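A closer look at the structure
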Amino acid sequence: MQIIHHGAVNGVTGSCHQLDINTHSSILIDCGLFQGAETAGKSAIEQLPIEFDISNIQALIITHCHIDHVGRIPYLLAAGFNKPIYATVATAALLPMVIEDALKIGVTQNRRMIKLYLKMLKQLITPIEYNQWFALDLGTAIKNNNTAATANRYNQAKAKFRAAGHILGSAYVEIALFNSFTNKSKNNHRVVFSGDLGATHTPLLASPKSPYRADTLVIESTYGDKNHQGRKQRCESLRKVIEKSVADNGVVLIPAFSIGRTQELLYELEQLIHRYRHKNQMWENIEVIIDSPMAAKFTEHYLQFKALWDNEAKQKLKQHRHPLDFEQLYTVGSHQEHLATIEYLCKRNKPAIVIAASGMCTGGRMQNYLARLLREPSTDIIFVGYQAQGTTGREIQTYGPRGGYCTIDGNKVAIKAAVHTISGYSAHADQHNLINFVKGMRIKPTLIRIVHGDNDAKNALAEEYKKLLPGAKIEIGV
Ligand SMILES: [Zn+2]
Ligand SMILES: [Zn+2]
């Protein structure tokens with residue numbers, strides 16, 4: 001068995017891990033585009049075609065439908081992939097929409113091509129419930145090869161999705177490898193791919209529970225060197241920043257990814273409105289504008305899959321509250337409406353909160369807001385998510401407080417707006433969570449491969465794991 005990591009070449013591609021089970025059979029776990037390249041130009045796209053051999057790949061397992069985990073699926077299909085794509089039921093429901101968007105932005109505007117890809121995708125998607133083992137077909141070559149050489153190889157595999165608490169439908173994957181000829185437990189191996197793990201206090205979704213056993217663990221490290229603020233503290237920070245921001249009747253811009261972050265924000269804003277509407281009129285009157293048709297569609301999915309919500313969120317429903325669908329919320333649909341909203345916000349003198357994609361300001365409608373409103377001292381921009389190197393978001397975060405500028409669509413835009421970062425606001429596990437994920441295992445890994453993070457985060461997390469498991473091999477992957 002071995003694990004190869006595809007992608008992260010020049011920081012352009014996202015998660016894509018290949019588990020080689022034996023010489024004939026491999027499984028892919030995720031096939032993503034790097035977030036910063038969400039709407040990247042041609043140069044990035046040219047680097048995206050699948051350049052590795054897919055002839056032995058027997059299945060693709062998807063942990064969740066963020067673009068950095070699924071965005072390269074169209075390229076995989078284009079390369080001729082026609083094996084099952086396993087995903088949780090909620091992810092399977094979201095995936096075609098995400099892929100359609102990825103196709104339109106990065107690959108083709110050709111309606112016929114898009115339809116064709118989506119048809120291929122829908123034929124391959126196999127929805128799987130959480131916590132249920134499902135067999136992975138490793139192909140006929142190894143099954144029929146009952147020779148002595150086979151005795152020391154894995155020839156059977158099954159997998160299971162466990163809730164990751166990151167976004168709707170998100171999962172980490174347990175893969176159990178066996179040898180049906182020797183059938184000895186010492187010949188079994190358990191590999192866990194973390195995907196993206198949720199933070200303990202992510203609203204709406206329950207926190208992930210550790211697996212019983214992982215012999216090999218491939219784990220993300222987005223926040224491997226940081227610890228988040230507590231949820232209460234974070235919600236308080238959001239309240240203070242918003243109250244301060246709207247005092248000058250300016251616009252509050254919150255860049256957010258359509259899936260996950262937007263719904264978390266809505267959940268917390270409803271909480272603030274509910275709690276403070278009688279203390280501060282502003283909360284009663286504030287307009288919360290979601291300017292993203294995608295975000296609106298995903299919010300519908302969150303509402304559809306209420307069964308996956310955590311107890312706190314379900315409790316609110318019982319009290320007839322609408323955490324994702326409250327009175328002060330406006331959804332902007334068409335591009336026309338989007339442009340009109342910007343005009344409206346520029347002219348008026350009343351506060352509003354705008355949530356739009358992309359979360360790292362690398363494209364999407366948020367860029368149009370920034371181009372118009374970053375120059376206004378009354379504007380506030382609140383970062384609630386990780387801003388990767390090389391993104392406009394990171395530029396604003398770095399140069400904004402020094403009175404610098406950023407580049408939007410090739411133009412220099414002076415940053416007069418106030419820039420805030422609320423660090424605790426993440427759907428990613430922090431260092432504590434990542435350590436506890438391993439601590440909670442009964443049978444702990446002998447090999448940990450750290451992926452999906454900046455070098456600092458990977459190194460810091462590696463140090464922690466070395467302390468926790470002195471006998472284990474801790475490796476840093478791409
Ligand atoms: Zn994610
Ligand atoms: Zn990710």
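Predicted model only: the values in this text are computed from it and were never measured.

**Brief notes about the overall build of the protein chain**
- Across its full length, the protein chain holds 16 helices and 21 strands.
- Computed over its C-alpha atoms, the radius of gyration of the protein chain comes to 23 Å, within 12% of the 23 Å expected for a compact globule of 478 residues.
- C-alpha atoms of the protein chain, sized along the principal axes, occupy 80 × 45 × 45 Å.
- By element, 49% of the accessible surface of the protein chain is carried by carbon and sulfur atoms, the whole surface being about 20,100 Å².
- Distance between charge centres in the protein chain, computed from 54 positive and 42 negative side chains, equals 5 Å.

**Considerations on the state of the cysteines**
- Under the counting rule described, the total for this entry stands at zero disulfides.
- With no disulfide of its own, C346 lies 16 Å from the sulfur of C406, the closest cysteine sulfur.
- C406 supplies the cysteine sulfur nearest to C361, a cysteine that is in no disulfide, at a spacing of 8.1 Å.
- By relative accessible area, C361 is classed as buried at 0%.

**A look at the packing of aromatic side chains**
- Scanning the entire structure with this criterion turns up three aromatic pairs.
- Taken together, Y86, F134 and F161 form an aromatic cluster joined through their ring pairs.
- R239 extends its terminal NZ or CZ atom over the ring of Y276, reaching a point 4.8 Å from the ring centre.

**Regarding the nonpolar core**
- Residues I73 and I355 are the most contacted members of the largest nonpolar core, which totals 76 residues.
- Take this core: its biggest share by element is nine residues, from helix α4 (residues 89-107).
- Two domains share this core, each providing at least three of its residues, namely domain 1 (2-153) and domain 2 (231-421).
- The contacts of I355, once residues within four sequence positions are left out, are I254, A256, T262, L265, L266, L269, V288, I289, I290 and D291.
- Counting residues in hydrophobic clusters, the runner-up holds 25 residues, among them L19, I27, I175 and V191.

**A word on the coordination of the zinc ion (ligand 1)**
- Looking at the zinc ion (ligand 1), the protein donor atoms are H64 (NE2), H66 (ND1), H166 (NE2) and D196 (OD), and they sit 2.2 to 2.3 Å from it.
- For the zinc ion (ligand 1), the four donor atoms in the first shell make angles of 90 to 165° at the metal, so the coordination geometry reads as irregular.
- Going along the chain, you hit the donors of the zinc ion (ligand 1) in the pattern H-x1-H-x99-H-x29-D.
- In this structure the zinc ion (ligand 2) is found 3.5 Å away from the zinc ion (ligand 1), and D196 serves as a bridging donor for the pair.

**A short note on the domain arrangement of the protein chain**
- Taken domain by domain, the protein chain holds domain 1 (2-153) and domain 2 (231-421).
- Taken residue by residue, the interface counts 15 residues in domain 1 and 14 residues in domain 2.
- Across the domain 1/domain 2 interface, buried area totals approximately 1,300 Å², and carbon plus sulfur atoms make up 75% of it.
- Across the domain 1-domain 2 interface, the total number found is zero salt bridges.
- Our enumeration of links across domain 1 and domain 2 arrives at one residue pair in polar contact (both at pLDDT 80 or more).

**Some remarks on the side chain of T262**
- Tracing the backbone shows T262 in helix α8 (residues 261-276).
- Using a relative accessible area of 1% as the deciding quantity, one classes T262 as buried.
- A polar side-chain atom of T262 sits 2.6 Å from the main-chain carbonyl oxygen of F257.
- Apart from residues no more than four positions distant in its own chain, T262 is found in contact with A256, F257, I290, A295 and I355.

**Thoughts on helix α7 (residues 231-246)**
- Here α7 spans 22 Å end to end across 16 residues, near enough to the 22 Å set by a 1.5 Å rise per residue.
- Residues of α7 that are buried: R231, R234, C235, L238, R239, V241, I242, S245 and V246.

**Focus on the coordination of the zinc ion (ligand 2)**
- Taken together, D68 (OD), H69 (NE2), D196 (OD) and H452 (NE2) make up the full set of protein donors to the zinc ion (ligand 2), lying 2.1 to 2.3 Å away.
- Geometry at the zinc ion (ligand 2) is irregular, judged from its four donor atoms and the angles of 81 to 158° they form at the metal.
- Donor residues binding the zinc ion (ligand 2) come from one chain and are separated in sequence as D-H-x126-D-x255-H.
- Under the relative-accessibility criterion, D196 is labelled buried at 0%.

**Structural notes on the pairing of strand β18 (residues 411-414)**
- Here four bridges tie strand β17 (residues 405-408) to β18, and the two strands are oriented antiparallel to one another. Paired with I408 across the strands is N411, a residue of β18.
- Adjacent in sequence and paired antiparallel, β17 and β18 are bridged by two residues, among which D409 carries a positive phi angle near 55°.

**Section: the sheet that holds strand β21 (residues 473-476)**
- One open sheet holds the seven strands; their spatial order is β7-β8-β9-β10-β11-β20-β21, and the pairing between them is mixed. Whereas interior strands pair on both sides, the edge strands pair on one side only; in this sheet they are β7 (134-136) and β21. Within the sheet, the average angular offset between the axes of one strand and its neighbour, ignoring direction, is 20°.
- On the sheet, helix α15 (residues 431-439) packs against β9 (171-178), β11 (216-220) and β20 (447-451) and is oriented at approximately 165° with respect to β11.

**Points about the sheet that holds strand β2 (residues 17-20)**
- With respect to topology, six strands assemble into an open sheet ordered β1-β2-β3-β4-β5-β6, the strand pairing being mixed. The two strands at the open ends of the sheet, each matched to only one other strand, are β1 (2-5) and β6 (125-128). The sheet shows a mean angle of 25° between the axes of neighbouring strands, direction not considered.

**Overview of the packing of α8 against helix α11 (residues 311-318)**
- In the contact formed by α8 and α11, the axes pass within 13 Å of each other and the chain directions differ by 50°. It follows from the interaxial angle that α8 and α11 lie oblique. Crossing handedness for the pair α8 and α11: left-handed. For the pair α8 and α11, the contacting residues are Y267, E270 and Q271 in the first and E312, A313 and K316 in the second.

Cut-offs used in this document
- Residues numbered from 1 in each chain as written.
- Chains lettered and ligands numbered in written order.
- Predicted model: local features only at pLDDT ≥ 70, side-chain atom pairs only at ≥ 80, totals over all residues.
- Heavy atoms only, no water.
- Helix = DSSP H or I, 4+ residues; strand = E, 2+ residues; numbered from the N terminus.
- Rg over C-alpha atoms; globule rule 2.2 N^0.38 Å.
- Areas by Shrake-Rupley, 256 points an atom, 1.4 Å probe, with all protein chains shown as cover.
- Lys, Arg positive; Asp, Glu negative; His and termini not counted.
- Charge placed at Lys NZ, Arg CZ, Asp CG, Glu CD.
- Disulfide = S-S within 2.5 Å.
- Buried < 20%, exposed > 50% of the residue type's maximum accessible area, 1.4 Å probe, protein only.
- Phe/Tyr/Trp six-rings, centres within 6.5 Å; stacked < 30°, edge-to-face > 60°.
- Lys NZ or Arg CZ within 6 Å of the ring centre and 35° of its normal.
- Core = buried A, V, L, I, M, F, W, Y, C linked by side-chain atoms within 4.5 Å.
- Domains from an automatic or database assignment.
- Contact = heavy atoms within 4.5 Å.
- Donors = N, O, S within 2.8 Å, 3.2 Å for Na, K, Ca; no water.
- Tetrahedral: all angles 85-135°; square planar, octahedral: opposite > 155°, others 65-115°.
- Buried area = accessible area lost by both parts, 1.4 Å probe.
- Salt bridge = Lys/Arg side-chain N within 4 Å of Asp/Glu carboxyl O.
- Polar contact = N/O pair within 3.5 Å; in protein donor to acceptor, adjacent residues only side chain to side chain.
- Expected span 1.5 Å × (residues − 1).
- Pairing = 2+ DSSP bridges.
- Axes fitted to C-alpha atoms, helices over the stretch in contact; angles between N-to-C directions.
- Parallel < 35°, antiparallel > 145°, perpendicular 65-115°, else oblique.
- Left-handed = near helix turned anticlockwise from the far one by under 90°.

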